[in-house]
Amino acid sequence: MVQCSKCGRTAVTYIRYNGSHLCSAHFQEYVERRVKKELRGQLDIDKSKHIAVAVSGGKDSCVALLLVHDILSQRRDVTISAITVDEGIAGYRPGALEKAMRLSADLGIEHHVVSFRERVGRTMDDISAELGHRTPCAYCGVFRRQCMNDAARRIGAQALATGHNLDDVAQAILMNFTRGDVERLARMGPHLKVQPGLIPRILPLRSVPEKEAYLYALLRGIDFEDSTCPYWEAAMRNEYRDIIDGMEARSPGTKHSILASYDALRPLLQEKYPQTALRLCGCGEPSPSGRCMACVMREELLLNGRPGQKVPSAADPSRRHRGGRSQGSRPSRTSPGARVLPSCSRYGRAEER
Ligand code: SF4
Ligand SMILES: [Zn+2]
Ligand SMILES: [Zn+2]
């Protein structure tokens, strides 16, 4: 029986990158301490009194919701809301939305649902069929971000927390770096400056490895969804995941080092690529050019996206989703407790635009 390095009770995990064995209580404390530190560094609580958490029902977003609640709900002047985006992927974690709704209800947090079908005009399954063999993740990522930003704005949130963990962040850094997309590297969250119309994103779990988020969810008894998106296999991000996991196995601490290096370089990157003033797109989303990527993609799909036809390339901000922040598949509009955000007239169906 291996003992906790701190108290001598039975250890539940071994943290390879720092050589410590931790019992359940000390492991939870270890995770919570880092999340508190991230929230302190990322969130100006005097300015952000309403925090929306993007919660899919997967482990990471559920942990993010629970910890944001644990840490901030004591403050009477702070409101916490949950937002779930339903991309419409049949058979994909059909219970996820229900679990997000149930956790929100247990915590006394208002839960909002926004769907691709309403906001984008079609489901991810529709889009995937139109794309043929191409991965739909690039489209999914852009449309999901638009849905989340729009929903957060409409409920009056001043910050949007997502469940991205250390693995996700390290993969995104490496992806942008190897693609030479330095400007995107400079714009990665957390967003410390407020831009009109763009709800700043915060990442409370950005220094918590995926394995630790998973164990934390289990130890806290969170009922999370753990299935995988059917389109996940095609996601480019998987290659980066394999590379980084291999490096971490050989040299524990690599993921933290990637993040630390990025944080050291970030001020220089932001100096080189300062935020440009955003202009409102016709759909209401802010964008540097005045025409947002979601509208560009909607138009591509409308003009070219017929089955078997090649769709013009677009930026690939794909996000892998497995058991975490992927948003549930089936609309749960009848779920008790969940509020379906009313359709916004600015987001008519793509066919009508
Ligand atoms: S893997 Fe993630 S980004 Fe790709 S289609 Fe599925 S939910 Fe969307
Ligand atoms: Zn202990
Ligand atoms: Zn737009």
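Residues numbered from 1 in each chain as written. Chains lettered and ligands numbered in written order. Predicted model: local features only at pLDDT ≥ 70, side-chain atom pairs only at ≥ 80, totals over all residues.

**Focus on the overall build of the protein chain**
Next, step 1: When you go through the protein chain residue by residue, the secondary structure sums to 12 helices and 10 strands.
Next, step 2: Here the protein chain holds 353 residues, and 45% of them are scored as buried.
Next, step 3: Taking as baseline every contact in the protein chain between residues at least 6 positions apart, the subset at least 24 positions apart corresponds to 76%. (Helix = DSSP H or I, 4+ residues; strand = E, 2+ residues; numbered from the N terminus. Buried ≥ 20, exposed ≤ 12 C-beta atoms within 10 Å, placed from the backbone. Contact = placed C-beta atoms within 7 Å.)

**Things to note about the environment of T123**
Next, step 1: Positionally, T123 belongs in the loop between α4 (116-119) and α5 (124-131).
Next, step 2: If sequence neighbours within four positions are ignored, T123 has contacts with E87, G88, F116 and R117.

**Concerning helix α2 (residues 59-72)**
Next, step 1: Spanning 14 residues, α2 covers 20 Å between terminal C-alpha atoms, matching the ideal 20 Å at 1.5 Å per step.
Next, step 2: Of all the residues in α2, the buried ones are K59, D60, S61, C62, V63, A64, L65, L66, L67, V68, H69 and L72.
Next, step 3: Buried residues belonging to α2 abut α1 (24-42), β3 (50-54), β4 (79-86), α3 (96-107), β6 (159-161) and α9 (210-219). (Expected span 1.5 Å × (residues − 1).)

**Notes on unusual backbone geometry**
Across the chain, the bulk of peptide bonds are trans and the bulk of non-glycine residues have phi less than zero.
Next, step 1: Residues G189 and P190 are joined by a peptide bond in cis, for which omega reads 5°.
Next, step 2: With respect to the secondary-structure elements, P190 resides in the loop between α8 (182-187) and β7 (201-202).

**Side note on the pairing of strand β5 (residues 110-115)**
Next, step 1: Burial analysis of β5 places five of its six residues in the buried class, the great majority of the element.
Next, step 2: Across six bridges, the pairing between β4 and β5 is parallel. Pairing of A82 across the sheet is with H111, part of β5. (Pairing = 2+ DSSP bridges.)

**Things to note about the environment of L65**
Next, step 1: Topologically, L65 is positioned in helix α2.
Next, step 2: Spatially, the C-alpha atom of L65 lies 6.1 Å from that of V53, the residues being 12 residues apart in sequence.
Next, step 3: Every residue in contact with L65, bar those within four places of it in the chain, is listed here: V53, V55, A82 and L103.

**A look at helix α6 (residues 137-154)**
Next, step 1: Over its 18 residues, α6 runs 25 Å from end to end, which matches the ideal 26 Å to within 8%, given 1.5 Å per residue.
Next, step 2: In terms of burial, α6 is a largely internal element, 16 of the 18 residues being buried.
Next, step 3: Positive backbone phi, at 80°, marks G156, one or two positions downstream of α6.

**Let's talk about the confidence of the model for the protein chain**
Next, step 1: Taken residue by residue, the protein chain gives an average pLDDT of 85. The fraction at 70 or more is 84%.
Next, step 2: Scored below 50 in pLDDT, residues 306-336 makes 105 contacts in the model with residues more than four places away or belonging to other chains.
Next, step 3: Confidence drops under pLDDT 50 across residues 342-353; counting only partners more than four residues distant or on other chains, this segment forms 18 contacts. (pLDDT = per-residue confidence, 0-100.)

**Brief notes about the pairing of β4**
Remember that side chains alternate between the two faces of the sheet whenever the strand is regular.
Next, step 1: For β4, a buried count of seven out of eight residues is recorded, marking the element as mostly surrounded by other parts of the structure.
Next, step 2: In terms of strand pairing, β3 meets β4 through five bridges, oriented parallel. Paired with A52 across the two strands is S81, which belongs to β4.
Next, step 3: Handedness of the β-α-β unit built from β3, α2 and β4 comes out right-handed. (Right-handed = clockwise from strand over helix to strand, strands pointing away.)

**Points about the packing of helix α7 (residues 166-179) against helix α11 (residues 254-272)**
Next, step 1: Packing of α7 against α11 brings their axes to within 9 Å, and their N-to-C directions diverge by 60°. For the element pair α7 / α11, the angle class is oblique. Taken as a pair, α7 and α11 cross one another with a handedness that is left-handed. Here L166, D167, V169, A170, I173 and L174 of α7 lie close against α11, whose contacting residues are K255, H256, I258, L259 and Y262.
Next, step 2: Classifying every residue of the contact of α7 with α11 gives eight nonpolar, one polar and two charged. (Axes fitted to C-alpha atoms, helices over the stretch in contact; angles between N-to-C directions. Parallel < 35°, antiparallel > 145°, perpendicular 65-115°, else oblique. Left-handed = near helix turned anticlockwise from the far one by under 90°. Nonpolar A, V, L, I, M, F, W, Y, C, P; charged D, E, K, R; others polar.)

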